[in-house]
Amino acid sequence: QVQLVESGGGLAQAGGSLRLSCAASGSILSINAMAWYRQAPGKQRELVARITRGGRTYYADSAKGRFTISRDNNKNTVYLQMNSLKSEDTAVYYCNVDGIIRIGVPFDYWGQGTKVTVSS
C-alpha cells in the first residue's frame, strides 16, 4: 500500500503565496512522475504541473511563471510553490504519484486533496 499525505492548503489573498507538499510513504520501490492537479467547483480536474524522476517539468499555461513544482527524491515528497495567486486558482489541489511497488507491480495513487482559497 502507498499513502499520500498532502499539506499546505488554506486561505490566501490575491497576489499572495502558498506552498503545497505531498509526501508518499509505504511499499515503494521507486517513484516515476509526481504531479499536482486541481479541481474547481463545477469544473473537471485539470493538470497543473508535473515533474519526472529526473526533474523534467511540465506546467499548464495557467501555472507558467507563477507556480514551481519540485521534488525531494530522498523524502518521496513533491512540492508546489504557488506565487502571485489569483482568485481563479481557488480549487481543491490533488497530488498524483506513480511508480513501482515491486518489479512488475506499478502504482498510481491520488492524495486526499487540499483546499486552496484565494480571496480577491
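One can find the structure itself at the top, above this paragraph.
This report concerns the structure included in the present document.

1. Brief notes about the pattern of salt bridges
Where charged atoms from two side chains of opposite charge approach closely, those side chains can pair.
Working step 1: Overall, the coordinates contain four salt bridges when judged by the stated rule.
Working step 2: Between Arg38 and Glu46 there is a salt bridge; the shortest N-O distance is 2.8 Å.
Working step 3: Given a relative accessible area of 35%, Glu46 falls into the partly exposed group.
Working step 4: Two residues, Asp89 and Arg38, come together in a salt bridge whose shortest N-O distance is 2.9 Å.

2. Observations concerning the sheet that holds strand E1 (residues 2-7)
Working step 1: Reading across from one edge, E1-E3-E8-E7 is the order of the four strands in this open sheet, with antiparallel pairing throughout. The open sheet has two edge strands, E1 and strand E7 (67-72), and neither has a second partner. With strand direction ignored, the average angle separating the axes of adjacent strands in the sheet is 15°.
Working step 2: Bridge count for strand E3 (residues 18-26) against strand E8 (residues 77-82) is six bridges, and the pairing is antiparallel. Within E8, the residue paired with Ala23 across the bridge is Thr77.

What counts, and at which threshold
Residues numbered from 1 in each chain as written. Predicted model: local features only at pLDDT ≥ 70, side-chain atom pairs only at ≥ 80, totals over all residues. Heavy atoms only, no water. Salt bridge = Lys/Arg side-chain N within 4 Å of Asp/Glu carboxyl O. Buried < 20%, exposed > 50% of the residue type's maximum accessible area, 1.4 Å probe, protein only. Pairing = 2+ DSSP bridges. Helix = DSSP H or I, 4+ residues; strand = E, 2+ residues; numbered from the N terminus. Axes fitted to C-alpha atoms, helices over the stretch in contact; angles between N-to-C directions.

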